[in-house]
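Understanding the architecture of this molecule
Here are the chains, one letter per residue:
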Amino acid sequence: MKTKLSGPAILGLPLIFCAALAVTACSKSTKEASIELFSTKGENVATLQKLADKFTAEKNGAVKITIISPQDASTVLRSRLTKNDIPDMMAIGGDSTYTELASSGVLLDLSKESFIGSIQENYLQMIYDVNKDKSRTAYAVPYAANGSGVLYNKTLFEKAGITIPKTWDDFIADFDKLQKEGIKPVELTFMDSWTCLPPWNSMAPVLQPENFTDDRRAGKTTFAATHRELLEKYLVILSRASGDYMGTGYNDGNKNFAEGKAAMMINGNWAIPEFTKVNPSIDVDMFAFPSTNDPAKNTVTSGIDVAFAVSASSPNKELAKEFLSFLVRPENAQLYVDEQFAFPAVKGASQNNRTVDGVKADIAAGKVSNFPDHYYPSGFDLASILSQFALNYKNGMDNETNIAQTLAACDKQYDAVNVK
């Protein structure tokens, strides 16, 4: 026999149930999943925020992504590592910071995630190459790259009647042709010591032995035994550089170049927006640094500027991976490329700015070499060593002495910080 419930009971149960549902629904609507995204590149925060906001909108506001990028971000991140306080996600370069994090075991292995298939193989290889054990393991997803070579003023090249040099000999001959036309061949900005690195970063991957990075780390070779030709060619450039390049800073040099006061600058694509701020109509392009007389060996220096990693201990790993899947959609990668003037590591996105037409094909075809300083250990201050090298030349030091002292300094400092 069925029991018939009275009116109050019939009404009471649904009311209690509805109240419970209301409380549950309210708590779900106010609780949102949260991810901390730590960027070591302060310049990209606004773009990352735009992408984060777009992702949040797709998730109907149920996700919050907090982006932080403190001063001296790499040092802060290393400090947080020692405290086991790892952000949920990290936007880092493909350099020693990545190597340290990956080898410490704090990063999630993303190799088998479906979004890895969206990444260009040559940039994935750069990640594998900086893994301490060289394993084909992606503890970070390459996202954006930069390119370094020779920036040149097309108008001044045409005035001097020269074309893009493909060999070292042609490159140096062009310096001389420019000087004969009364045109300053190259703008060097060595008051900011980091700008001493681009010539080295362009030549070293081409001129050094193939296995130099691994052999140097293992103590099987030295800079003194392998990098003499590089410094000899560096001195040829210095011998043809006019003006007070040790007293000229990056900002002033960019302004000089933008105003047509020099034909070339050895630097990267990141400098071009600085030129166009001064002179929007500057006709600038870039070509691969011709380190040798064999054009087939010369490459564009291009490395991973931004890669996304996920903390292995994050409680929000699945959400972080979902955000990564969102980021590598071609339209989202394109937004980043356009706003940050980067080269994409993501398939389907492209760099279409005319000011880098001269290197786009090489980069797209993978005719690139990674920045060699991405493989050097933290604390190896090559910029300061090269700054002293340039100053020694400016002060009249004998070339042989200068080269020997500089390579010895490289080896001494490298050994001091090469913690195995």
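Here's what I pulled together on the structure shown here. (Residues numbered from 1 in each chain as written. Predicted model: local features only at pLDDT ≥ 70, side-chain atom pairs only at ≥ 80, totals over all residues. Heavy atoms only, no water.)

**Let's talk about the overall build of the chain**
- Counting its regular elements, the chain contains 18 helices and nine strands.
- Taken over the C-alpha atoms alone, the chain extends approximately 110 × 50 × 35 Å along its principal axes.
- By residue count, 49% of the 420 residues in the chain fall in the buried class.
- A separation threshold of at least 6 residues defines the contact pool for the chain, and within that pool the share at least 24 residues apart is 77%. (Helix = DSSP H or I, 4+ residues; strand = E, 2+ residues; numbered from the N terminus. Buried < 20%, exposed > 50% of the residue type's maximum accessible area, 1.4 Å probe, protein only. Contact = heavy atoms within 4.5 Å.)

**Brief notes about the packing of helix 8 (residues 197–207) against helix 11 (residues 228–239)**
- At a minimum axis distance of 10 Å, the contact between helix 8 and helix 11 shows a crossing angle of 140°. The handedness of the crossing between helix 8 and helix 11 comes out as right-handed. The residues of helix 11 that touch helix 8, namely those facing P199, W200, M203, A204 and L207, are E229, L230, L231, K233 and Y234. (Axes fitted to C-alpha atoms, helices over the stretch in contact; angles between N-to-C directions. Left-handed = near helix turned anticlockwise from the far one by under 90°.)

**Let's talk about helix 12 (residues 250–258)**
- By the burial criterion, the buried members of helix 12 are Y250, G253, N254, F257 and A258. One side of helix 12 carries all its buried residues, which in axial view fall inside an arc of 135°.
- Close packing links the buried residues of helix 12 with strand 4 (141–153), strand 5 (264–268), helix 13 (272–278) and strand 6 (284–287).
- Positioned one or two residues after helix 12, G260 has a phi angle of 80°, which is positive. (Arc of directions from axis to C-beta.)

**Quick notes on the nonpolar core**
- Ranked by size, the top nonpolar core spans 78 residues in total, and within it Y143, F275 and F308 carry the most contacts.
- For this core, the element with the highest residue contribution is strand 7 (residues 300–310), accounting for seven residues.
- Setting aside anything within four residues of it in sequence, one finds Y143 in contact with L51, V306, A307, F308, L327, V328, N332, A333, Y336, P344, A345 and V346.
- In this structure, F157, I172, M246 and C410 belong to the second largest nonpolar core, which totals 49 residues. (Core = buried A, V, L, I, M, F, W, Y, C linked by side-chain atoms within 4.5 Å.)

**Focus on unusual backbone geometry**
- Although it is not a glycine, N60 sits at a positive phi angle of roughly 55°.
- Residue position: N60 is located in the loop between helix 2 (45–58) and strand 2 (63–68).
- The backbone of N84 shows a phi angle near 55°, a positive value even though the residue is not glycine.
- Locating N84 in the fold gives a position in the loop between helix 3 (73–82) and strand 3 (89–92).
- Look at N84 and you get exposed, because its relative accessible area is 63%.

**Topic: the pattern of salt bridges**
- All chains considered together, the criterion is met by 23 salt bridges.
- Here D415 and R216 are joined by a salt bridge, their closest N and O atoms 2.8 Å apart. With D415 in helix 18 (residues 399–417) and R216 in helix 9 (residues 212–217), this residue pair connects regions lying 199 residues apart in the sequence.
- According to the relative accessible area criterion, R216 is buried, its value standing at 2%.
- Beyond isolated ion pairs, a larger network of salt bridges with shared partners links E36, R80 and D85. (Salt bridge = Lys/Arg side-chain N within 4 Å of Asp/Glu carboxyl O.)

**Thoughts on the packing of aromatic side chains**
- As enumerated under the stated definition, the model contains 26 aromatic pairs in all.
- Ring plane angle 85° and centroid distance 6.3 Å describe the contact between F171 and F287, whose orientation is recorded as edge-to-face. Residue F171 is located in helix 7 (residues 168–180), and its partner F287 is located in strand 6; the two are separated by 116 residues in the primary sequence.
- The class for F171 is buried, based on a relative accessible area of 0%.
- Three or more aromatic residues joined by ring pairs form one cluster here, namely Y152, F157, W168, F171, F175, F287 and F289.
- Here the basic side chain of K233 rests over the ring of W168, its NZ or CZ set 5.1 Å away from the ring centre. (Phe/Tyr/Trp six-rings, centres within 6.5 Å; stacked < 30°, edge-to-face > 60°. Lys NZ or Arg CZ within 6 Å of the ring centre and 35° of its normal.)

**Describing the environment of I67**
- As for its placement among the helices and strands, I67 is situated in strand 2.
- Considered as a pair, I67 and A52 are 15 residues apart in the sequence and their alpha carbons are 8.6 Å apart.
- Beyond its immediate stretch of four places on either side in the chain, I67 contacts L37, V45, L48, Q49 and A52.

**Quick look at the pairing of strand 3**
- Side chains M89 and A91 of strand 3 all project onto a buried face; the interleaved residues M90 and I92 project onto the opposite face, where all are buried too.
- Of the strand pairs in this sheet, strand 1 (residues 33–39) and strand 3 are connected by three bridges, and their pairing is parallel. Note on strand 3: the bridge partner recorded for L37 is M89. (Pairing = 2+ DSSP bridges.)

**Let's talk about helix 4 (residues 96–103)**
- Of all eight residues that make up helix 4, six are buried, and the element is covered over most of its length.
- Every buried residue of helix 4 is accounted for by S96, T97, Y98, T99, L101 and A102.
- Structurally, helix 4 contributes buried residues whose contacts are with helix 3, strand 3 and helix 5 (121–130).
- Its side-chain oxygen placed 3.2 Å from the backbone nitrogen of T97, D95 serves as the N-cap of helix 4. (Polar contact = N/O pair within 3.5 Å; in protein donor to acceptor, adjacent residues only side chain to side chain.)

**A look at the packing of helix 11 against helix 18**
- For the pair helix 11 and helix 18, interaxial distance at closest approach is 10 Å and the crossing angle is 130°. Classified by the interaxial angle, the pair formed by helix 11 and helix 18 is oblique. Relative to helix 18, helix 11 is oriented so that their crossing is right-handed. Here R228, L231, E232 and L235 of helix 11 come into contact with helix 18, specifically with N399, E400, N402, I403, T406 and L407.
- Taken together, the residues that form the contact of helix 11 with helix 18 break down as four nonpolar, three polar and three charged. (Parallel < 35°, antiparallel > 145°, perpendicular 65-115°, else oblique. Nonpolar A, V, L, I, M, F, W, Y, C, P; charged D, E, K, R; others polar.)

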